[in-house]
Amino acid sequence: MARVYNFSAGPSMLPEPVLKKAAEEMLDYRGSGQSVMEMSHRSKVFDGIIVEAEALLRTLLNISGNYHVLFLQGGASSQFAMVPLNLMVTKRKCDIVNTGQWSKKAISEAKRYGTVRIVASSEDRNFTYIPDLTGVTFDPDAAYVHITSNNTIFGTRYRTFPDTGAIPLVADMSSNILSEVIDVNQFGLIYAGAQKNIAPAGLTIVIIRKDLVGEPQEITPTMFTYKTHAEGRSLYNTPPCYCVYIAKLVFEWLIDLGGLPAMQKINETKAAMLYDYLDGSKLFRPTVAEPHRSLMNVPFVLSNPGIDEEFLKKSVAAGLVNLKGHRSVGGMRASIFNAMPVDGVKKLVEFMKTFEMEHR
Ligand SMILES: *Cc1c(COP(=O)(O)O)cnc(C)c1O
(Lines give C-alpha, C1' and ligand atoms only; values in the text may rest on other atoms or scores of the structure.)
Protein backbone atom coordinates (compact mmCIF):
# COMPACT_ATOMS: atom_id res chain seq x y z
CA MET A 1 0.00 0.00 0.00
CA ALA A 2 1.20 3.52 -0.79
CA ARG A 3 1.98 5.77 2.15
CA VAL A 4 -0.60 8.45 2.84
CA TYR A 5 -0.14 12.10 3.70
CA ASN A 6 -1.17 12.24 7.34
CA PHE A 7 -2.47 15.62 8.49
CA SER A 8 -3.07 14.47 12.06
CA ALA A 9 -2.37 16.88 14.91
CA GLY A 10 -0.37 14.17 16.65
CA PRO A 11 1.06 11.66 16.61
CA SER A 12 2.03 12.85 13.21
CA MET A 13 4.24 11.98 10.26
CA LEU A 14 7.92 11.22 10.69
CA PRO A 15 10.43 11.98 7.91
CA GLU A 16 10.61 9.04 5.53
CA PRO A 17 14.45 8.94 5.55
CA VAL A 18 14.26 8.57 9.34
CA LEU A 19 11.83 5.66 9.11
CA LYS A 20 14.01 4.00 6.48
CA LYS A 21 17.14 4.40 8.56
CA ALA A 22 15.33 3.01 11.61
CA ALA A 23 14.16 0.03 9.52
CA GLU A 24 17.72 -0.59 8.32
CA GLU A 25 19.04 -0.53 11.87
CA MET A 26 16.08 -2.37 13.40
CA LEU A 27 17.56 -5.84 13.87
CA ASP A 28 21.18 -4.92 14.36
CA TYR A 29 22.06 -1.44 15.52
CA ARG A 30 25.54 -0.73 14.19
CA GLY A 31 26.97 -4.19 14.83
CA SER A 32 25.62 -4.46 18.37
CA GLY A 33 23.54 -7.48 17.32
CA GLN A 34 20.43 -5.93 18.87
CA SER A 35 17.68 -3.48 18.19
CA VAL A 36 17.77 -0.22 20.14
CA MET A 37 14.40 -1.39 21.50
CA GLU A 38 16.08 -4.29 23.27
CA MET A 39 19.14 -2.54 24.56
CA SER A 40 19.96 -1.78 28.19
CA HIS A 41 19.66 1.90 28.88
CA ARG A 42 22.88 1.49 30.91
CA SER A 43 24.81 0.12 27.92
CA LYS A 44 27.63 2.03 26.29
CA VAL A 45 25.84 1.90 22.96
CA PHE A 46 22.69 3.52 24.29
CA ASP A 47 24.69 6.07 26.23
CA GLY A 48 26.25 7.07 22.91
CA ILE A 49 22.75 7.55 21.47
CA ILE A 50 21.38 9.75 24.24
CA VAL A 51 24.56 11.83 24.48
CA GLU A 52 24.51 12.36 20.71
CA ALA A 53 20.78 13.20 20.71
CA GLU A 54 21.38 15.89 23.31
CA ALA A 55 24.39 17.29 21.45
CA LEU A 56 22.41 17.50 18.19
CA LEU A 57 19.48 19.24 19.86
CA ARG A 58 21.89 21.71 21.45
CA THR A 59 23.34 22.42 18.02
CA LEU A 60 19.96 22.83 16.35
CA LEU A 61 18.58 25.24 18.95
CA ASN A 62 21.92 26.76 19.86
CA ILE A 63 21.34 25.86 23.53
CA SER A 64 24.01 27.24 25.84
CA GLY A 65 25.71 25.42 28.70
CA ASN A 66 23.43 27.42 30.98
CA TYR A 67 20.59 24.97 30.28
CA HIS A 68 19.89 21.32 30.98
CA VAL A 69 18.27 19.21 28.28
CA LEU A 70 16.09 16.45 29.73
CA PHE A 71 14.53 13.44 28.02
CA LEU A 72 11.47 12.51 30.08
CA GLN A 73 8.18 10.64 29.84
CA GLY A 74 4.65 11.60 30.77
CA GLY A 75 3.93 13.93 27.85
CA ALA A 76 3.50 17.66 27.88
CA SER A 77 0.49 17.03 30.12
CA SER A 78 2.79 15.96 32.96
CA GLN A 79 4.67 19.23 32.55
CA PHE A 80 1.46 21.09 33.39
CA ALA A 81 2.07 19.78 36.94
CA MET A 82 5.84 19.44 36.95
CA VAL A 83 6.41 23.11 36.09
CA PRO A 84 4.41 24.52 39.04
CA LEU A 85 5.64 21.84 41.44
CA ASN A 86 9.25 22.73 40.71
CA LEU A 87 9.07 26.45 40.01
CA MET A 88 6.46 27.68 42.49
CA VAL A 89 8.45 27.05 45.62
CA THR A 90 9.34 30.24 47.46
CA LYS A 91 7.03 32.26 45.22
CA ARG A 92 3.68 30.48 45.04
CA LYS A 93 2.17 32.51 42.21
CA CYS A 94 2.35 32.39 38.44
CA ASP A 95 1.02 34.33 35.44
CA ILE A 96 -0.47 32.35 32.55
CA VAL A 97 -1.69 33.47 29.14
CA ASN A 98 -4.82 31.61 28.09
CA THR A 99 -4.74 30.91 24.35
CA GLY A 100 -6.67 27.67 24.15
CA GLN A 101 -7.37 24.25 25.53
CA TRP A 102 -3.78 23.35 26.28
CA SER A 103 -3.29 26.63 28.16
CA LYS A 104 -6.45 25.86 30.12
CA LYS A 105 -5.03 22.54 31.16
CA ALA A 106 -1.80 24.23 32.23
CA ILE A 107 -3.92 26.67 34.25
CA SER A 108 -6.10 24.11 36.00
CA GLU A 109 -3.09 21.97 36.90
CA ALA A 110 -1.04 24.93 38.19
CA LYS A 111 -4.00 25.97 40.36
CA ARG A 112 -3.53 22.79 42.38
CA TYR A 113 -0.11 24.00 43.52
CA GLY A 114 -0.36 27.77 43.78
CA THR A 115 -2.16 30.94 42.76
CA VAL A 116 -2.70 31.44 39.06
CA ARG A 117 -3.42 34.78 37.46
CA ILE A 118 -4.66 34.74 33.88
CA VAL A 119 -2.85 37.78 32.53
CA ALA A 120 -4.44 37.73 29.08
CA SER A 121 -6.87 35.55 27.18
CA SER A 122 -8.27 35.15 23.69
CA GLU A 123 -11.29 33.16 24.81
CA ASP A 124 -13.66 36.02 23.89
CA ARG A 125 -13.23 35.18 20.19
CA ASN A 126 -12.85 31.41 20.53
CA PHE A 127 -9.04 31.62 20.67
CA THR A 128 -8.65 32.83 17.09
CA TYR A 129 -5.83 35.20 18.00
CA ILE A 130 -2.86 35.73 20.31
CA PRO A 131 -3.55 38.51 22.84
CA ASP A 132 -1.36 41.59 22.60
CA LEU A 133 0.96 41.42 25.60
CA THR A 134 2.80 44.69 25.07
CA GLY A 135 0.76 46.54 27.70
CA VAL A 136 0.68 43.70 30.21
CA THR A 137 2.50 44.09 33.50
CA PHE A 138 3.64 40.76 34.81
CA ASP A 139 3.56 40.17 38.56
CA PRO A 140 7.12 40.64 39.89
CA ASP A 141 6.23 38.09 42.56
CA ALA A 142 5.22 35.48 40.01
CA ALA A 143 7.48 32.43 39.91
CA TYR A 144 7.06 32.28 36.15
CA VAL A 145 4.99 33.37 33.16
CA HIS A 146 3.55 30.55 31.06
CA ILE A 147 2.62 30.67 27.37
CA THR A 148 1.65 28.11 24.73
CA SER A 149 3.82 29.06 21.75
CA ASN A 150 1.63 27.32 19.18
CA ASN A 151 -2.00 26.45 19.75
CA THR A 152 -2.49 23.12 18.07
CA ILE A 153 -6.28 23.12 18.19
CA PHE A 154 -6.99 26.74 17.23
CA GLY A 155 -4.09 27.23 14.84
CA THR A 156 -2.49 30.32 16.35
CA ARG A 157 1.11 31.06 17.17
CA TYR A 158 3.23 33.73 18.82
CA ARG A 159 5.29 35.67 16.30
CA THR A 160 7.29 37.30 19.09
CA PHE A 161 7.57 36.33 22.71
CA PRO A 162 6.75 38.60 25.65
CA ASP A 163 9.57 40.27 27.51
CA THR A 164 9.06 39.13 31.09
CA GLY A 165 12.20 40.74 32.47
CA ALA A 166 13.56 38.84 35.44
CA ILE A 167 10.53 36.53 35.62
CA PRO A 168 11.28 33.21 33.90
CA LEU A 169 9.24 32.65 30.75
CA VAL A 170 7.95 29.07 30.38
CA ALA A 171 6.66 27.82 27.04
CA ASP A 172 4.72 24.77 26.01
CA MET A 173 6.24 24.28 22.55
CA SER A 174 4.78 20.83 21.93
CA SER A 175 3.39 21.63 18.52
CA ASN A 176 6.03 23.95 17.05
CA ILE A 177 9.39 23.14 18.61
CA LEU A 178 12.09 22.96 15.91
CA SER A 179 9.77 24.43 13.28
CA GLU A 180 11.43 27.84 13.23
CA VAL A 181 14.40 29.69 14.64
CA ILE A 182 13.98 30.79 18.26
CA ASP A 183 16.29 32.24 20.88
CA VAL A 184 16.30 29.78 23.77
CA ASN A 185 17.84 32.45 26.00
CA GLN A 186 14.47 34.22 26.10
CA PHE A 187 13.09 31.30 28.10
CA GLY A 188 13.54 29.88 31.56
CA LEU A 189 11.98 26.60 30.53
CA ILE A 190 10.72 25.04 27.29
CA TYR A 191 8.86 21.76 27.16
CA ALA A 192 7.41 19.68 24.36
CA GLY A 193 5.79 16.31 23.87
CA ALA A 194 7.74 14.66 21.06
CA GLN A 195 4.92 13.24 18.96
CA LYS A 196 4.39 16.28 16.75
CA ASN A 197 7.80 17.37 15.55
CA ILE A 198 10.38 15.07 17.09
CA ALA A 199 9.69 11.39 17.60
CA PRO A 200 6.99 8.82 18.40
CA ALA A 201 4.80 9.46 21.43
CA GLY A 202 6.38 8.64 24.77
CA LEU A 203 9.18 11.19 24.93
CA THR A 204 8.96 14.66 26.45
CA ILE A 205 11.76 17.14 26.02
CA VAL A 206 12.50 19.76 28.67
CA ILE A 207 15.04 22.55 28.23
CA ILE A 208 15.51 24.24 31.60
CA ARG A 209 17.82 27.01 32.74
CA LYS A 210 20.17 25.59 35.34
CA ASP A 211 19.27 28.08 38.07
CA LEU A 212 15.64 26.90 37.92
CA VAL A 213 16.60 23.37 38.89
CA GLY A 214 16.31 23.22 42.65
CA GLU A 215 14.24 21.80 45.47
CA PRO A 216 10.59 21.38 44.44
CA GLN A 217 7.48 21.69 46.60
CA GLU A 218 7.61 19.13 49.40
CA ILE A 219 4.84 16.94 48.04
CA THR A 220 6.60 16.46 44.69
CA PRO A 221 7.25 12.85 43.66
CA THR A 222 10.89 12.02 42.90
CA MET A 223 10.00 11.34 39.28
CA PHE A 224 8.38 14.77 38.99
CA THR A 225 11.48 16.55 40.25
CA TYR A 226 13.66 18.20 37.58
CA LYS A 227 16.68 17.82 39.82
CA THR A 228 16.31 14.03 39.75
CA HIS A 229 16.61 13.97 35.97
CA ALA A 230 19.17 16.74 35.65
CA GLU A 231 21.51 14.97 38.08
CA GLY A 232 20.77 11.59 36.53
CA ARG A 233 21.40 12.86 32.96
CA SER A 234 17.89 11.61 32.08
CA LEU A 235 18.94 8.12 33.16
CA TYR A 236 17.58 8.12 36.70
CA ASN A 237 15.13 5.48 35.53
CA THR A 238 14.60 3.86 32.16
CA PRO A 239 14.07 6.61 29.59
CA PRO A 240 11.94 6.02 26.47
CA CYS A 241 15.02 4.60 24.73
CA TYR A 242 13.63 3.97 21.28
CA CYS A 243 12.00 7.41 21.13
CA VAL A 244 15.31 9.01 22.07
CA TYR A 245 16.93 7.08 19.23
CA ILE A 246 14.30 8.24 16.72
CA ALA A 247 14.67 11.80 18.04
CA LYS A 248 18.39 11.53 17.31
CA LEU A 249 17.63 10.46 13.73
CA VAL A 250 15.17 13.35 13.34
CA PHE A 251 17.77 15.81 14.64
CA GLU A 252 20.29 14.43 12.12
CA TRP A 253 17.68 14.81 9.37
CA LEU A 254 17.12 18.44 10.38
CA ILE A 255 20.82 19.21 10.42
CA ASP A 256 21.28 17.62 6.96
CA LEU A 257 18.43 19.82 5.75
CA GLY A 258 20.30 22.95 6.85
CA GLY A 259 19.05 23.28 10.41
CA LEU A 260 16.18 25.43 11.64
CA PRO A 261 16.64 28.35 9.20
CA ALA A 262 16.10 25.90 6.33
CA MET A 263 13.25 24.10 8.12
CA GLN A 264 11.55 27.43 8.82
CA LYS A 265 11.72 28.39 5.12
CA ILE A 266 10.14 25.10 4.12
CA ASN A 267 7.43 25.48 6.75
CA GLU A 268 6.70 29.04 5.60
CA THR A 269 6.43 27.81 2.01
CA LYS A 270 4.03 25.03 2.97
CA ALA A 271 1.86 27.27 5.13
CA ALA A 272 1.75 30.03 2.49
CA MET A 273 0.59 27.58 -0.18
CA LEU A 274 -2.33 26.56 1.99
CA TYR A 275 -3.29 29.96 3.42
CA ASP A 276 -3.02 31.66 -0.01
CA TYR A 277 -5.44 29.18 -1.46
CA LEU A 278 -7.81 29.41 1.53
CA ASP A 279 -7.81 33.23 1.39
CA GLY A 280 -8.89 33.15 -2.25
CA SER A 281 -11.42 30.36 -1.92
CA LYS A 282 -15.19 30.80 -1.90
CA LEU A 283 -15.89 27.40 -0.40
CA PHE A 284 -13.23 27.25 2.32
CA ARG A 285 -12.43 29.85 4.96
CA PRO A 286 -9.45 29.88 7.33
CA THR A 287 -10.51 30.54 10.94
CA VAL A 288 -7.40 32.54 11.91
CA ALA A 289 -6.16 35.81 10.40
CA GLU A 290 -2.62 37.18 10.18
CA PRO A 291 -0.49 37.84 12.14
CA HIS A 292 -1.71 35.06 14.40
CA ARG A 293 -1.53 32.14 12.00
CA SER A 294 0.25 28.94 12.92
CA LEU A 295 2.78 27.44 10.54
CA MET A 296 1.91 23.99 11.85
CA ASN A 297 -1.86 23.73 12.28
CA VAL A 298 -4.22 25.23 9.73
CA PRO A 299 -7.91 25.08 10.71
CA PHE A 300 -10.51 25.95 8.09
CA VAL A 301 -14.26 25.61 7.66
CA LEU A 302 -16.48 24.96 4.67
CA SER A 303 -19.13 27.55 3.87
CA ASN A 304 -21.57 24.66 3.66
CA PRO A 305 -20.95 22.30 6.62
CA GLY A 306 -23.40 19.89 5.01
CA ILE A 307 -20.59 18.66 2.78
CA ASP A 308 -17.96 18.17 5.52
CA GLU A 309 -18.49 14.41 5.46
CA GLU A 310 -18.15 14.25 1.70
CA PHE A 311 -14.94 16.28 1.87
CA LEU A 312 -13.46 13.93 4.45
CA LYS A 313 -14.48 10.80 2.57
CA LYS A 314 -13.02 12.03 -0.69
CA SER A 315 -9.82 13.25 0.95
CA VAL A 316 -9.18 9.82 2.43
CA ALA A 317 -9.74 8.26 -0.99
CA ALA A 318 -7.11 10.70 -2.32
CA GLY A 319 -4.57 9.54 0.28
CA LEU A 320 -4.95 12.63 2.48
CA VAL A 321 -5.95 11.49 5.95
CA ASN A 322 -6.94 12.95 9.33
CA LEU A 323 -8.22 16.30 8.10
CA LYS A 324 -11.20 16.39 10.43
CA GLY A 325 -11.07 19.48 12.64
CA HIS A 326 -11.17 19.53 16.41
CA ARG A 327 -14.74 19.60 17.73
CA SER A 328 -14.18 22.98 19.42
CA VAL A 329 -13.48 24.64 16.06
CA GLY A 330 -15.39 22.37 13.69
CA GLY A 331 -14.64 22.01 10.00
CA MET A 332 -11.17 20.82 9.07
CA ARG A 333 -7.63 21.13 10.30
CA ALA A 334 -4.51 20.39 8.30
CA SER A 335 -1.53 19.81 10.56
CA ILE A 336 1.57 20.34 8.49
CA PHE A 337 4.39 19.62 10.89
CA ASN A 338 8.08 19.50 9.92
CA ALA A 339 7.85 16.02 8.43
CA MET A 340 4.94 16.83 6.09
CA PRO A 341 6.56 17.07 2.65
CA VAL A 342 5.87 20.13 0.46
CA ASP A 343 4.34 17.66 -1.97
CA GLY A 344 1.75 16.67 0.65
CA VAL A 345 0.53 20.25 0.92
CA LYS A 346 0.57 20.59 -2.88
CA LYS A 347 -1.62 17.50 -3.17
CA LEU A 348 -3.98 18.86 -0.52
CA VAL A 349 -4.38 22.20 -2.28
CA GLU A 350 -4.97 20.46 -5.63
CA PHE A 351 -7.54 18.21 -4.01
CA MET A 352 -9.32 21.20 -2.45
CA LYS A 353 -9.35 23.08 -5.75
CA THR A 354 -10.98 20.13 -7.49
CA PHE A 355 -13.48 19.77 -4.65
CA GLU A 356 -14.34 23.44 -4.86
CA MET A 357 -14.91 23.19 -8.62
CA GLU A 358 -17.30 20.31 -8.02
CA HIS A 359 -19.30 22.41 -5.58
CA ARG A 360 -19.68 25.67 -7.39
C1 LIG B 1 -0.32 17.78 22.05
C2 LIG B 1 -0.14 18.90 22.97
C3 LIG B 1 -0.11 18.71 24.37
C4 LIG B 1 -0.34 17.37 25.00
O5 LIG B 1 0.76 16.57 24.88
P6 LIG B 1 0.82 15.12 25.54
O7 LIG B 1 2.20 14.71 25.19
O8 LIG B 1 -0.25 14.29 24.89
O9 LIG B 1 0.60 15.25 26.99
C10 LIG B 1 0.12 19.81 25.17
N11 LIG B 1 0.30 21.03 24.64
C12 LIG B 1 0.26 21.25 23.32
C13 LIG B 1 0.47 22.63 22.79
C14 LIG B 1 0.03 20.19 22.44
O15 LIG B 1 -0.01 20.40 21.12
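Heads up: the structure comes first, above all this text.
Residues numbered from 1 in each chain as written. Predicted model: local features only at pLDDT ≥ 70, side-chain atom pairs only at ≥ 80, totals over all residues. Heavy atoms only, no water.

Undergrad: Before we move on, could you go through the packing of helix α8 (residues 308–317) against helix α9 (residues 342–358) and cite the residues and values that matter?
TA: Direction vectors running N to C along α8 and α9 enclose 135°, while the axes themselves pass 11 Å from each other. Our classification of the angle between α8 and α9 gives oblique. Here the hand of the crossing between α8 and α9 comes out right-handed. Contacts between α8 and α9 involve Glu310, Phe311, Lys314 and Ser315 from the first element and Phe351, Met352, Phe355 and Glu358 from the second. (Axes fitted to C-alpha atoms, helices over the stretch in contact; angles between N-to-C directions. Helix = DSSP H or I, 4+ residues; strand = E, 2+ residues; numbered from the N terminus. Parallel < 35°, antiparallel > 145°, perpendicular 65-115°, else oblique. Left-handed = near helix turned anticlockwise from the far one by under 90°. Contact = heavy atoms within 4.5 Å.)

Undergrad: How would you summarise the site of the ligand if you had to cite specific residues and measurements?
TA: In the neighbourhood of the ligand, 13 residues make up the surrounding shell, with Ser77, Thr152, Asp172, Gln195 and Lys196 lying closest. Separating an oxygen atom of the ligand from a side-chain N or O atom of Thr152 is a distance of 2.4 Å. Take Lys196: an N or O atom from its side chain is 2.7 Å from an oxygen atom of the ligand. Within the complex, the protein chains bury 87% of what would otherwise be the 390 Å² of accessible surface of the ligand. Sort the elements by how many residues they give to the shell around the ligand and helix α3 (residues 75–87) lands first, with four residues. The residue makeup of the shell around the ligand, split by class, is three nonpolar, eight polar and two charged. (Near = heavy atom within 4 Å. Polar contact = N/O pair within 3.5 Å; in protein donor to acceptor, adjacent residues only side chain to side chain. Areas by Shrake-Rupley, 256 points an atom, 1.4 Å probe, with all protein chains shown as cover. Nonpolar A, V, L, I, M, F, W, Y, C, P; charged D, E, K, R; others polar.)

Undergrad: Lay out the sheet that holds strand β3 (residues 93–98) in plain terms, naming residues and giving numbers.
TA: One open sheet accounts for seven strands, arranged β2-β10-β9-β8-β5-β3-β4; its pairing is mixed. The open sheet has two edge strands with one neighbour each: β2 (67–72) and β4 (115–121). On average, each strand axis in the sheet is tilted by 20° relative to the strand beside it, whichever way the strands run. As defined by bridge partners, strand β9 (residues 189–193) adjoins strand β10 (residues 204–209) across five bridges and the pair is classed as antiparallel. Bridging from a neighbouring strand, Leu189 pairs with Ile208 of β10. Sheet strands touched by helix α2 (residues 44–61): β2 and β10. Its angle to β2, the strand with the most contacts, is close to 130°. Running at roughly 160° to β3, helix α4 (residues 101–110) makes contact with β3, β4, β5 (145–148) and β8 (169–172) of the sheet. (Pairing = 2+ DSSP bridges.)

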